[in-house]
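# Architecture at a glance
Here's the letter readout for the chains.
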Amino acid sequence: QVQLVESGGGLVQPGGSLRLSCAASGSIFNIYVMAWHRQAPGKQRELVAIITRGGSPNYADSVKGRFTISRDNAKNTVYLEMNSLKPEDTAVYYCHMVVAVRADLRQYNYWGQGTQVTVSS
């Protein structure tokens, strides 16, 4: 089994910064795509950023130029650096990984528990 644990959320003022982390542990053979999603009150969950194993990122237009996704394959960890935060960035942020498990090399989707990011003055 595989577990994803998120950290780094909190309360910040507009224009501030936060760095989220998500670390996977367990019977991992390989991790393919890593991603961050978020869900704001009253809205659908949306993809914020995604990164391939080779490090190629893509971003939602709403965060492009402000957020940076990165990964450390040796530590099975994905990061999201958030700068110039706006009130509309307020949401629960979830990490997501596609993981090939050691038992049979089958790929599964795993999700973190979610971490709250609140941007308010």
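Sequence order as written defines the numbering, with residues in each chain counted from 1. With pLDDT at 70 or above as the cut-off, local features in this predicted model cover only qualifying residues; side-chain atom pairs require 80 or more to be listed or tallied, and sums for whole chains, interfaces and linings still use all residues. The side-chain quantities take in all heavy atoms of the structure and omit both hydrogens and water.

## Things to note about the pairing of strand β11 (residues 115–119)
Strand residues, when the strand is regular, have side chains that alternate between the two faces of the sheet. Where we set the bar: Each residue is placed in one exposure class: buried if its accessible area under a 1.4 Å probe, protein chains only, is under 20% of its type's maximum, exposed if it is over 50%, and partly exposed if it falls in between. Secondary structure elements follow DSSP: runs of H or I of four or more residues count as helices, runs of E of two or more count as strands, with numbering from the N terminus. Only strands that DSSP links by at least two bridges are regarded as paired with each other.
Residues Thr 115, Val 117 and Val 119 line the buried face of β11, whereas the alternating positions Gln 116 and Thr 118 sit on a face that is not buried. Bridge count between strand β2 (residues 10–12) and β11: three bridges; the pairing is parallel. Note on β11: the bridge partner recorded for Val 12 is Val 119.

## Regarding the pairing of strand β7 (residues 67–72)
The alternating pattern of β7 places Phe 67, Ile 69 and Arg 71 on a buried face, while none of Thr 68, Ser 70 and Asp 72, on the opposite face, is buried. Two successive antiparallel strands, β7 and strand β8 (residues 77–82), enclose a turn made up of four residues, where Asn 76 displays a positive phi of approximately 50°.

## Here we look at the state of the cysteines
The line we're drawing: Note on disulfides: each one is a pair of cysteine sulfur atoms within 2.5 Å.
Applying the stated criterion to the full structure yields one disulfide. A sulfur-sulfur distance of 1.9 Å marks the disulfide that ties Cys 22 to Cys 95. Looking along the S-S bond of the Cys 22-Cys 95 disulfide, the torsion reads about 40°, which is the right-handed sense. With a gap of 73 residues between them, Cys 22 in strand β3 (residues 18–26) and Cys 95 in strand β9 (residues 91–101) connect regions that are remote in the sequence. Exposure remark for Cys 22: the relative accessible area of 0% places this residue in the buried category. Classification of Cys 95 as buried rests on a relative accessible area of 0%.

## Concerning the sheet that holds β7
As a general point, the strands of a sheet are linked pairwise by backbone hydrogen bonds and lie either parallel or antiparallel. This is how it is decided: Only the stretch in contact is used when a helix axis is fitted, and all axes are lines through C-alpha atoms; the angle between N-to-C directions ranges over 0 to 180 degrees.
Spatially, β1-β3-β8-β7 is the arrangement adopted by the four strands of the open sheet, whose pairing is antiparallel. The open sheet is flanked by β1 (2–7) and β7, the only strands paired with a single partner. Mean inter-strand twist for the sheet, computed between neighbouring axes without regard to direction, equals 15°. Strand direction decides the pairing type here: β3 and β8, joined by six bridges, are antiparallel. Bridge pairing in β8 links Leu 18 to Met 82.

## Comments concerning the packing of aromatic side chains
Geometry of an aromatic ring pair is reported as the spacing of the ring centres plus the angle between the planes. Defined as follows: Pairing of aromatic side chains here covers Phe, Tyr and the six-membered ring of Trp, requires ring centres within 6.5 Å, and sorts the geometry by plane angle: under 30 degrees stacked, over 60 edge-to-face, intermediate tilted. Charge over a ring is defined by NZ of Lys or CZ of Arg lying within 6 Å of the ring centre and within 35 degrees of the ring normal.
In total, this model carries one aromatic pair according to the counting rule given. The ring of Tyr 79 carries Arg 19 above its face, with NZ or CZ at 4.1 Å from the centroid.

## Concerning the pattern of salt bridges
This is how it is decided: Salt bridge, as applied in this entry: a Lys or Arg side-chain nitrogen positioned within 4 Å of an Asp or Glu carboxyl oxygen.
In this structure the tally under the stated criterion is five salt bridges. When the shortest N-O distance is used, the salt bridge between Arg 19 and Glu 81 registers 3.7 Å. Here Glu 81 lies in strand β8 and Arg 19 lies in strand β3, a separation of 62 residues in the sequence. Its relative accessible area of 44% is what places Arg 19 among the partly exposed residues. Residue Asp 89 pairs with Arg 38 through a salt bridge whose shortest N-O separation is 3.0 Å. Taken as a pair, Asp 89 in the loop between β8 and β9 and Arg 38 in strand β4 (residues 28–39) lie far apart in primary sequence, 51 residues in all. Pair check on accessibility: Asp 89 and Arg 38 agree, each one buried.

Just distances and angles here, no functional claims.
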